[in-house]
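Breakdown of the fold
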Amino acid sequence: MSEYQLQEIPVGPYRHLVSERAVSGETMLLNMGPQHPSTHGVLRLLLELDGEVIVNCIPDIGFLHTGVEKNMEAKTYQKAEVMTDRLDYMNNMGNNLAYVMAVEKLVDLDVPPRAQALRVILTELQRIASHLVWLGTAALDLAAMSVFLYCFREREIILDIFELVSGQRMMTTYFRPGGVWRDVPVEFEAAVRNFIRIFPKRIDEYEALLTNNPLFLDRVAIIGKLSAQDALSYGVTGPNMRASGVDWDLRKVRPYMGYEQYDFNVPTDTRGDVLARYLVRVQEMRESLKIVEQALNKLPIGPVRSDNRKFVPPPRSEIGTSMESLIHHFKLWTDGFPAPKASIYSAVESPRGELGVYLEGDGGPKPYRVHWRTPSFENLEVLPLISKGHLVADLVAIIGSIDIVLGDIDR
Amino acid sequence: MDNRLEKIVKVLQEKASATYEEFRGELHIFINPGQIVDVLTFLRDEHQFSLFSAMTAVDYWPRQNPRFHVIYQLTSLTQNLSLQLRVPVNEGQLKIPTATQVFQSANWREREIFDMFGIEFDGHPDPRRILMPDDWEGHPLRKDYPLGYEEPQFTFNFEEIDLRKPYAKE
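Worth saying up front: this structure is predicted, and the values here are computed from it rather than measured.

Quick notes on the pairing of strand E2 (residues 44-50) of chain A
All names here are of chain A. Relative to E2, strand E1 (residues 28-32) runs antiparallel, the two sharing five bridges. The residue of E2 that forms the bridge with Leu30 is Leu47. The sheet contact formed by E2 and strand E3 (residues 53-60) spans seven bridges and is antiparallel. If you follow Leu47 over to E3, its bridge partner there is Cys57. Here E2 hands over to E3 after two residues, with Gly51 in that stretch at a positive phi of 70°.

Given below as structure tokens:
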């Protein structure tokens, strides 16, 4: 026997999760992942297979666990923000936003309107970038190679905008408690307008490649069905939930950062299959673009950071002339700012669903407890339910359609 | 407080002798561990709190009674309301009833809390660790669990430190 032969997994510790037929050896337990190209990161799926049909699917996660929650407890509120970029590496601006909004709620800090509008523009661009990576990789899993290349071409434009404003393409840390790091450079508006001009046609191109493509439709229609009731019970949020017919978008129902000023629709679908999730996300990209355009058109002029000096450092120009400012600056970067001994829960709509932060302070400059309610965690939990009875090839399409990011799940 | 939430608080005060706190417009209701499943079922069925938004725990070590708070964050989609239930857990009895019969998503969240804090859930269908390896010792998010660090290696002591570095076992 060669050592590279396919090896079956013993039932042992998974006895309570598999069917009786696995014990008698009628069905087979096989690994998929952790280094499988279609598992979008390092996800291990233990599959109980009857021939090619999935009887049970047991996800095994934690390969990317980095202890972000524990590490944040040892850092001041400003320094802990750097770790938020690394959670969901497709949604860096969105994670920053969730975190700074939680801090602002805990210490009761105001954000000037210009900073709010900039945050909206950048998180919506991030949503488009995240959906582009999803669209590219999900289509790639179904052997549509060219879509992947086109999606990454457009994502590059967005990453260039991020580099323009923050100096970083991905780990931006651009939003800070009380505003943003600094005002955007003069080239920003032209760069975003350029993207707004070219992107609608590009979405049409993707749709021409996929939406009406019979090969694609055959692979995605009617598989991975998720009912609205199951979506709620499993805590599935975001586009996955809206594709099952639940109209719930935190930007609409609990507007934050001035989302109530913008006119946009929340795309929903009632079918709840892989195709519905695809259609909802593609429409979401168009809606996000609408929000970006509106926010850019009425981008207010003014400060981009709160002038509450107890939490926000003074501008460089003041430090040379004012002793008070110098003291504040020194105190903020050596001690940090204290937060009250209390806890809050604050949630935003990330590209994958409800991204919530539970933040508890203890009166000192470091968080006592930070918990990230990450949407992919619940979205993956529903996978065994929706993949049951499908073929292994369909499982690849289903994993692609729920848009998981393992950095988001394992934290 | 929203008057719909006020009604719920009144009922819970009578039925489950609950107490509550408010901070920045958020409602935190304290429930005894024995009654949490009934309260979750009541909120889901009678008041449409159908989305189990989040579940986590906090360690208040060195305080012993209660040492932990287990936190349930619920959302009602039809009423657009949120509330938080907090269950105090004492050091001696680290076992509370599972909520998996009420909300499916409690399954993985409870596994995570067991993994990170060592709180057990009575009647849980799949009580394994979830994020840490199966043979891991200790519960990392407890406050008496040290954060750990890595010794920096320089040219003069590179090999000396390399010998005692905890690499993954072959």
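Let's talk about the environment of A:Leu217
Residues and elements named next belong to chain A. By the element assignment, Leu217 lies in helix H8 (residues 214-220). By C-beta crowding, Leu217 is classed as partly exposed, having 14 other C-beta atoms within 10 Å. Separated by 58 residues in the primary sequence, Leu217 and Leu275 have C-alpha atoms spaced 7.3 Å apart.

What to know about the interface of chain B and chain A
With 27 residues of chain B at the contact, the number on the chain A side is 31 residues. It is strand E3 (residues 51-59) of chain B that provides the largest number of residues to the side of chain B that touches chain A, a total of six residues. Across the side of chain B that touches chain A, the residue classes break down as 15 nonpolar, nine polar and three charged.

Quick word on the packing of helix H6 (residues 145-166) of chain A against helix H7 (residues 187-210) of chain A
Residue and element names in this part refer to chain A. Look at H6 against H7: their axes get within 11 Å of each other, and the N-to-C directions meet at 165°. As judged from the angle between their axes, H6 and H7 are roughly antiparallel. Remark: the crossing between H6 and H7 carries left-handed chirality. Contacts between H6 and H7 pair Ser146, Val147, Tyr150, Glu154, Ile157, Ile158, Ile161, Leu164 and Val165 from the former with Glu187, Phe188, Ala191, Val192, Phe195, Phe199, Arg202, Glu205, Tyr206, Leu209 and Leu210 from the latter. Along the lines of polarity and charge, the residues of the contact of H6 with H7 split into 15 nonpolar, one polar and four charged.

Re helix H4 (residues 92-107) of chain A
Its 16 residues place the ends of H4(A) 23 Å apart at the C-alpha level, agreeing with the 22 Å of an ideal helix rising 1.5 Å per residue. Of the residues trailing H4(A), A:Asp108 is marked for its positive phi of about 60°.

Considering the packing of H4(A) against helix H5 (residues 113-141) of chain A
Residue and element names in this part refer to chain A. Contact pair H4 / H5: the axes reach a minimum separation of 7 Å and the direction vectors enclose 135°. Classified by the angle between their axes, H4 and H5 sit oblique to one another. Between H4, through Asn92, Met93, Gly94 and Leu97, and H5, the contact on the second element is made entirely by Arg119, Leu122, Thr123 and Gln126. Among the residues forming the contact of H4 with H5, the class breakdown is three nonpolar, four polar and one charged.

What to know about the nonpolar core
In this structure, A:Ala102, A:Ile121, A:Ile398, B:Val70 and B:Ile119 are the most contacted members of the largest nonpolar core, which totals 153 residues. In contact with A:Ile121, not counting residues within four places along its chain, are A:Val192, A:Val292, A:Ala295 and A:Leu296.

A closer look at the confidence of the model for chain B
Of the residues in chain B, 98% have a pLDDT of 70 or more, and the chain-wide mean is 87. Both scores are available for the predicted complex, with the pTM at 0.90 and the ipTM at 0.86.

What about the sheet that holds strand E5 (residues 81-89) of chain B?
All names here are of chain B. Taken in spatial order, the five strands line up as E1-E2-E5-E4-E3 in an open sheet, and their pairing is mixed. The open sheet has two edge strands, strand E1 (19-23) and E3, and neither has a second partner. Each adjacent strand pair in this sheet contributes to an overall mean axis angle of 25°, direction not counted.

About the cut-offs
Residues numbered from 1 in each chain as written. Chains lettered and ligands numbered in written order. Predicted model: local features only at pLDDT ≥ 70, side-chain atom pairs only at ≥ 80, totals over all residues. Pairing = 2+ DSSP bridges. Helix = DSSP H or I, 4+ residues; strand = E, 2+ residues; numbered from the N terminus. Buried ≥ 20, exposed ≤ 12 C-beta atoms within 10 Å, placed from the backbone. Contact = placed C-beta atoms within 7 Å. Nonpolar A, V, L, I, M, F, W, Y, C, P; charged D, E, K, R; others polar. Axes fitted to C-alpha atoms, helices over the stretch in contact; angles between N-to-C directions. Parallel < 35°, antiparallel > 145°, perpendicular 65-115°, else oblique. Left-handed = near helix turned anticlockwise from the far one by under 90°. Expected span 1.5 Å × (residues − 1). Core = buried A, V, L, I, M, F, W, Y, C linked by C-beta atoms within 7 Å. pLDDT = per-residue confidence, 0-100.

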